[in-house]
Structure formats: structure tokens, C-alpha cells
Amino acid sequence: MDNKSEPARGFGDVFDKSGVSLSLADARLDDAPLIGVNTAFCKMSGYTAEQALGRNCRFLQPSGGAGPVRGRMRSFIADDQLTEGKFVVPNVRADGAPFLNLVYMSKLKLDGKIRYILGSQFEIVRHDDKALGLYEMALQQDIRELRLVAGEMGMVMLGTFGQLASSYSIIAEMRLSDVRGDT
Ligand SMILES: Cc1cc2nc3c(=O)[nH]c(=O)nc-3n(C[C@H](O)[C@H](O)[C@H](O)COP(=O)(O)O)c2cc1C
């Protein structure tokens, strides 16, 4: 966590002790750079915090592009009415190894305006639904704690737990659209 950022004070503990990949971007700054990543994020991506902080998280996408999901993430971020989203994105680790990333995002409001975006990443491994279930449970626990901390700092974490638990259907949809060749 970048110690100079406001939410670092409260979010730092939850980030540090979480086993799931967590990231925080500052939506007020130009190109929404990352201001916080935890150990699980670094482990999954292969990038150190120093390499990741200050950059937009798109650096994880392949040089040939991430496909139409990139536009969907951009629209989600640009629309203040949309509070929470989940996306399946092709990403690449620091060592060049590709992986499928289930990216969850939830927006944080301060003084009526969207100020920060919380992100969580999960590597989709075929036929490992148990890991997905464990991830969702852990993320729900983290979000609960982050919501409390956000509240103490006068922020509101937007979104519902309903979206959090929707990974199975999102991944299933992705597989269907792969088969059908949808965009
Ligand atoms: C907090 C946060 C975490 C994100 N995590 C990822 C990620 O792990 N992988 C990824 O490909 N994109 C991630 N994104 C999305 C990209 O940063 C970017 O918003 C997306 O590529 C669409 O914008 P662009 O068209 O300007 O690149 C994240 C965004 C935010 C705000």
C-alpha cells in the first residue's frame, strides 16, 4: 500500500492479512493508477509492489490486446451508475506466462463522488471450482472488513454481495461465448 494515500491507513491491515489478490486504484488521478496492491496480487502477477504502484492495471494485459472485455471494463469504470462488476480478462504474468484473470471491481464513494476503485483478481484454473468457492468466501470476508473501515473513513463501498457470488455463472458464460465465438 502506498503510505501517502488516504485509504492506506485503514485498508492496509485488511490488504496485508488477506490471502486473496486485492488492489486499489485512485479514480481521481489521471488514468486511475494503482495506489495499493497486496502480497497475493504480487504473487499472482509476478510483479513487485514497486513495479505495480502508480500504473494503471492494464499493464497485466497481453501486448496483442485483451479483446472486447477491455472496453467493457472501461465502460464500467466510466459510468458512475455502475457500482460493481466482474470480468474475465486474459492477462500475462511478469515472466510472460499467460493466465485467465477473474477481475472483480467495486467503487468507493467519498462526499458523494466516486474516489477509489477496489479490485480483486482470481486466476481461473479449469475444473477447480473448489478454489473458486474458497476465493469467493475469502473475498466476501475481506469486503465486509473493508466496508467497515471505509465507513470509519467516511467512505461508502458500493455494490452488493450478490455480485460477489456470481463467479460460477460468469465463468460459465465465458466458456459458452468461447464456444459460440461471441464477442
Ligand atoms: C482496481 C482495478 C483493478 C484492475 N485489475 C485489473 C487486472 O487485474 N487485470 C486487467 O487486465 N485489468 C484490470 N483492471 C482494468 C484496467 O486497469 C483498465 O481499467 C481496463 O483495461 C479498461 O481501461 P482501458 O481501456 O483504458 O485500458 C483493473 C482496474 C482497476 C480500477
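Cut-offs and rules
- Residues numbered from 1 in each chain as written.
- Predicted model: local features only at pLDDT ≥ 70, side-chain atom pairs only at ≥ 80, totals over all residues.
- Heavy atoms only, no water.
- Salt bridge = Lys/Arg side-chain N within 4 Å of Asp/Glu carboxyl O.
- Helix = DSSP H or I, 4+ residues; strand = E, 2+ residues; numbered from the N terminus.
- Buried < 20%, exposed > 50% of the residue type's maximum accessible area, 1.4 Å probe, protein only.
- UniProt positions renumbered as here; feature names shortened; annotations may be inferred.
- Arc of directions from axis to C-beta.
- Contact = heavy atoms within 4.5 Å.

1. Some points on the pattern of salt bridges
Using the criterion set out here, one finds five salt bridges in the structure. Residue K17 pairs with E145 through a salt bridge whose shortest N-O separation is 2.6 Å. Of this pair, K17 sits in helix 1 (residues 8–17) while E145 is found in helix 5 (residues 129–152), placing the two residues 128 residues apart along the sequence. K17 gets classed as exposed once you look at its relative accessible area, which sits at 60%.

2. A few points about the UniProt feature "domain: PAS" (unreviewed entry) in the chain
Per the UniProt record, "domain: PAS" (unreviewed entry) is annotated on residues 31–119. Between the end C-alpha atoms of residues 31–119 there is a gap of 15 Å, over a span that is 24% helix and 37% strand.

3. Re helix 4 (residues 69–78)
For helix 4, the complete set of buried residues consists of V69, M73 and F76. Angular distribution of buried residues about the axis of helix 4 spans 60 degrees; they occupy a single face of the element. The exposed set on the far side of helix 4, more than 90 degrees from its buried face, consists of R74 and A78. Check the buried side of helix 4 and you find it contacts strand 3 (84–92) and strand 4 (98–110).

4. Considering the environment of V103
Here V103 is to be found in strand 4. Look past the residues within four positions of V103 in its chain and what remains in contact with it is G85, K86, F87, V89 and S120.

5. Some points on unusual backbone geometry
The phi dihedral of D31 is positive, around 65 degrees, even though this residue is not glycine. We classify D31 as partly exposed; its relative accessible area is 42%. One non-glycine residue with positive phi stands out, namely A32, at about 40 degrees. On the secondary structure map, A32 appears in the loop between strand 1 (21–26) and strand 2 (34–37).

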